[in-house]
Amino acid sequence: MAGTDTNTTAIEWAMTELIRNKGAMNKLREELKKLPLDECVVSRLPYLNAIVKETLRLHPPGPLMLPHRASETCKVMNFTVPKGAKILVNVWAIKRDPTVWEDDPTSFKPERFIGSKVDFRGHDFEFLPFGAGRRMCPGVPLATRQISLILAAIVRNFDWCLPDGKDPAELDMNEKFGFTLQKELPLLLVPNRCSL
Ligand code: HEM
């Protein structure tokens, strides 16, 4: 899977959600104001981290993780998984499951991660953007730092808007299913230098 498509997809979805959610964008800009931006600082910013998590929840770049193979026959709930079966875990569906994510699971609400212990380190099975166990993504530290730092830099240094005064509510949110879950129509934004 590795780190180019996955990171850029996450940043594109994060910006898409922020353009549609002005409140979240403003809150993030408040948090970023007057701070020197480096990788140590960004890893300690609660709202930025919540935005990264919420983006990876709603738009996991690896929606089915990577294929695994059952090394032994086993039972999962009422299903028998035979030895040798190829297993795809639909983390996209798990992360939108209303029995797990009770507060409006299809909406972008970074606040759900504020004060929450749910993390992407592979221990919270309702939230597995990087998988879990022995074959979990080894790129987590790099990916999370890169996404946070790039997102913080572009939000802090520019005001972003849609071209031709387009209404953010009309933004196309369709996903293009593939190895990574990209936006079907690439996000096109206009930057204006800002004075934060
Ligand atoms: C947002 C960014 C990323 C996401 C969402 C992501 C997600 C994933 C997922 C879901 C898997 C499969 C885990 C499993 O099936 O159990 C995986 C595997 C992997 N990822 Fe990432 N990844 C990201 C960034 C990166 C980066 C930056 C690197 C390297 C610099 C990387 C390197 C790898 C490698 C080598 C594997 C295969 C591990 C194995 O099979 O043992 N990933 N990633």
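Criteria and thresholds
- Residues numbered from 1 in each chain as written.
- Predicted model: local features only at pLDDT ≥ 70, side-chain atom pairs only at ≥ 80, totals over all residues.
- Heavy atoms only, no water.
- UniProt positions renumbered as here; feature names shortened; annotations may be inferred.
- Near = heavy atom within 4 Å.
- Polar contact = N/O pair within 3.5 Å; in protein donor to acceptor, adjacent residues only side chain to side chain.
- Helix = DSSP H or I, 4+ residues; strand = E, 2+ residues; numbered from the N terminus.
- Nonpolar A, V, L, I, M, F, W, Y, C, P; charged D, E, K, R; others polar.
- Core = buried A, V, L, I, M, F, W, Y, C linked by side-chain atoms within 4.5 Å.
- Buried < 20%, exposed > 50% of the residue type's maximum accessible area, 1.4 Å probe, protein only.
- Contact = heavy atoms within 4.5 Å.

- Labelled according to an unreviewed UniProt entry, the chain appears under the name Cytochrome P450, originating from Linum tenue.
- Per UniProt, the chain has the following entry under Cofactor (unreviewed entry): "heme".

**What to know about the site of the ligand**
Next, step 1: For the ligand, the set of nearby residues contains 19 residues, the closest of which are N7, L66, H68, R135 and C137.
Next, step 2: In this structure, R135 approaches the ligand through a side-chain N or O atom, which is 2.8 Å from an oxygen atom.
Next, step 3: By residue number, the principal contributor to the shell around the ligand is helix α6 (residues 140-157), which donates three residues.
Next, step 4: Its residues assigned to classes, the shell around the ligand comprises twelve nonpolar, six polar and one charged.

**Describing the nonpolar core**
Next, step 1: Membership of the largest hydrophobic core comes to 38 residues, with the highest contact counts inside it found for M15, L18, L28 and L151.
Next, step 2: Sorting the residues of this core by element identifies α1 (5-20), α2 (22-32), α3 (39-42), α4 (46-58) and α6 as the ones contributing at least two each.
Next, step 3: Ranked by residue count, the leading element in this core is α4, at seven residues.
Next, step 4: Once you skip the residues sitting within four places of it in the chain, M15 turns out to touch M25, L151, I154, V155, W160, L187 and L189.

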